[in-house]
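# Overview (structure and organization)
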Amino acid sequence: MRHSRIALLLTVSAVTPLVPVLTPATASAAEHTLRPYLQQKPAWHRCDKELPASLQCATIKVPLDYARPGGKKLDLAISRMRTSTKKERRGVLLLNPGGPGGPGVDMPQYMADELPKSVKNAYDLVGFDPRGIGLSSPVGCGLTSAERNWERPYKAATFTKDVKWARTVAEKCDKKQGDKLRHITTRNTARDMDVIRAVLGEKKISYLGYSYGTYLGAVYTQMFPKRTDRFVLDSAVDPARVWRGMIQVWAEGAEPAFTRWTEWTAARHATYKLGRTPEAVRKSFYDLVARADRKPIDLDGTPVTGDDIRSGLRGMFFGTREAAEAVAELKKAAAGASTAPSAGRDNLRTPEPVPPSFGRTVPDDNGDAGFWAVVCADTRAWPRDPEQYRKDAIRDKARYPLYGDFASHIKPCAFWKKSGSEPATRIGNSVRALILQNEWDSQTPLTSGQGLRRAMKGSKMVTVAGGVGHGIYGTKSCADKTATAYLTTGRLPAKDVTCKAAPAADERATPNRLPLPTPPGLPGMAGRF
């Protein structure tokens with residue numbers, strides 16, 4: 001089902017005036033200096049006359065630098081849908097769709113259709129665009145379409161060109177945004193969440209975060225454990241891998257998914273004609289990659305290279321039938337046969353989420369700029385020597401042939417001008433959170449979810465055996481019941497739980513309905529699978 005971002009009209013709301021204050025010298029003074037932010041009274045208003053009046057919007061202020069709260073300020077766009085029953089109301093459920101770079105101000109409207117009534121009765125649903133994203137003082141670097149393409153394979157012949165690309169992106173972002181980039185971090189977004197909590201008059205917040213939102217939620221639990229209520233962390237980031245390691249884990253996770261796909265496809269040779277054994281299917285695929293490397297395959301006028309096939313199908317291999325259909329179609333195209341879009345499949349691919357404009361200008365490259373701002377500033381662990389990326393890409397191409405060189409190749413963070421304002425957050429706490437994880441998740445593979453579980457010792461984890469896709473809660477998964485019970489009663493399972501996905505889940509071609517960032521897919525295949 002194609003997901004359209006909600007078109008709201010959000011105007012800047014009047015808030016309580018903020019007065020300059022001095023930088024605090026003690027923790028108690030820090031609370032005092034933040035008081036003007038914590039005591040804001042947002043001017044809630046209907047987001048759009050075409051949408052339910054229950055969807056309300058406002059804009060508040062947060063400090064650019066929490067160490068200097070009297071300095072520059074950022075807008076923070078927030079939204080809410082209040083529960084209709086005061087008797088059952090527990091508090092607020094803050095929502096985040098992931099990213100980094102994903103806007104969330106439209107999440108309440110979207111999730112209202114996905115969450116069970118018992119959860120909507122218990123919570124006001126609250127969304128927000130994280131700092132630098134969407135309507136929250138959006139960042140932009142003025143990147144061209146070519147510069148926004150960061151899935152680049154390692155090749156000796158193009159290495160110098162790729163290094164230049166990474167340097168150019170970093171320099172453009174520095175020129176456009178300057179010192180602001182140091183403060184577009186997960187730790188500061190967690191602080192913004194705590195300002196939202198205070199502005200809403202809540203002592204604690206509950207939270208539902210997907211993908212990157214799991215790391216954001218984990219950081220909040222580490223920084224504000226006493227203000228943490230019920231946190232559901234869905235499709236989890238391993239905090240020990242942020243952020244280069246979380247890109248590299250895509251390659252690590254793709255190999256077992258590819259092996260499973262070859263087994264599934266070999267058992268259906270009569271349908272796809274790609275080989276009768278897993279080894280034969282694997283050979284068919286890599287023969288196709290080699291053929292496209294020699295001469296791009298013409299797919300309805302779109303030239304497709306072997307690198308396009310490897311990167312474009314990486315995410316598809318987690319859903320077996322979708323990948324088998326795509327490879328079979330490519331094989332026909334390579335043989336010179338005409339390929340027509342599959343009937344009735346027009347609306348199956350989910351477009352990448354785009355920050356809604358809400359009547360205001362958002363840079364075209366906001367999602368990319370916001371992504372690099374966070375992953376480059378969150379941690380100081382990115383190598384600075386381009387040769388390290390070359391060595392790692394060569395090594396990982398051999399380890400993980402499908403995607404290893406893409407994942408370990410050079411990124412703009414190698415040349416990022418402004419280090420983050422703080423070191424990365426070390427997660428290690430006993431907060432009673434609930435982690436949800438599909439076995440076959442292309443963006444946050446199972447090993448990633450297990451990493452977060454190890455770091456959050458008080459949490460429990462539900463693993464969906466055979467579960468396919470990125471994002472669980474709200475998809476009618478076997479994990480939904482446990483998540484709903486936790487949000488409505490506070491009960492966690494006594495131990496980690498594994499439940500079985502619905503039959504034929506591994507064949508699923510339709511993406512999750514959840515508004516999460518998804519792999520871009522294969523050029524020329526949009527609308528087919």
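Refer to the structure presented above.
Description of the structure in this document. This is a predicted model, so every value here is computed, not measured.

Below, the discussion takes up helix α18 (residues 480-489). Working note: α-helix, 3.6 residues per turn, so residues spaced by three or four point in the same direction. Residues of α18 that are buried include every one of Asp480, Ala483, Thr484, Tyr486 and Leu487, and no others. Each buried residue of α18 sits inside an arc of 160° when the element is viewed along its axis, so together they form one side. Its buried side turned inward, α18 meets β4 (91-96), α4 (117-122), β5 (123-128), β7 (228-234) and β10 (434-440). Positive phi shows up at Gly490, right after α18, with a value of about 85°.

It is worth spelling out the sheet that holds strand β6 (residues 205-210) at this point. Pairing is mixed across the open sheet formed by 10 strands, whose spatial order is β1-β2-β3-β5-β4-β6-β7-β10-β11-β12. Both edges of this open sheet fall to β1 (45-46) and β12 (497-500), since each of them pairs with a single strand only. In this structure, strand β2 (residues 55-63) lies alongside strand β3 (residues 73-81), joined through 9 bridges in antiparallel fashion. Counted as the bridge partner of Leu55 is Met81 from β3. Against the sheet, helix α8 (residues 212-223) engages β4, β5, β6 and β7, with an angle of about 155° to β7.

The next point concerns unusual backbone geometry. Along the chain, Gly99 connects to Pro100 via a cis peptide bond; the corresponding omega equals -5°. Looking at where Pro100 falls in the secondary structure, it is placed in the loop between β4 and α3 (107-111). Looking along the chain, the bond that leaves Val242 and enters Trp243 is cis, with omega of -10°. With respect to the helices, strands and loops of the structure, Trp243 is situated in the loop between β7 and α9 (244-266). Even without being a glycine, Ser235 presents a positive backbone phi close to 70°. When you line up the elements, Ser235 lands in the loop between β7 and α9. Phi angles above zero are rare outside glycine, and Lys273 is one such case at about 55°. As for its position among the elements, Lys273 is in the loop between α10 (269-272) and α11 (278-294).

Each value, and the rule that gives it
- Residues numbered from 1 in each chain as written.
- Predicted model: local features only at pLDDT ≥ 70, side-chain atom pairs only at ≥ 80, totals over all residues.
- Heavy atoms only, no water.
- Buried < 20%, exposed > 50% of the residue type's maximum accessible area, 1.4 Å probe, protein only.
- Helix = DSSP H or I, 4+ residues; strand = E, 2+ residues; numbered from the N terminus.
- Arc of directions from axis to C-beta.
- Contact = heavy atoms within 4.5 Å.
- Pairing = 2+ DSSP bridges.
- Axes fitted to C-alpha atoms, helices over the stretch in contact; angles between N-to-C directions.

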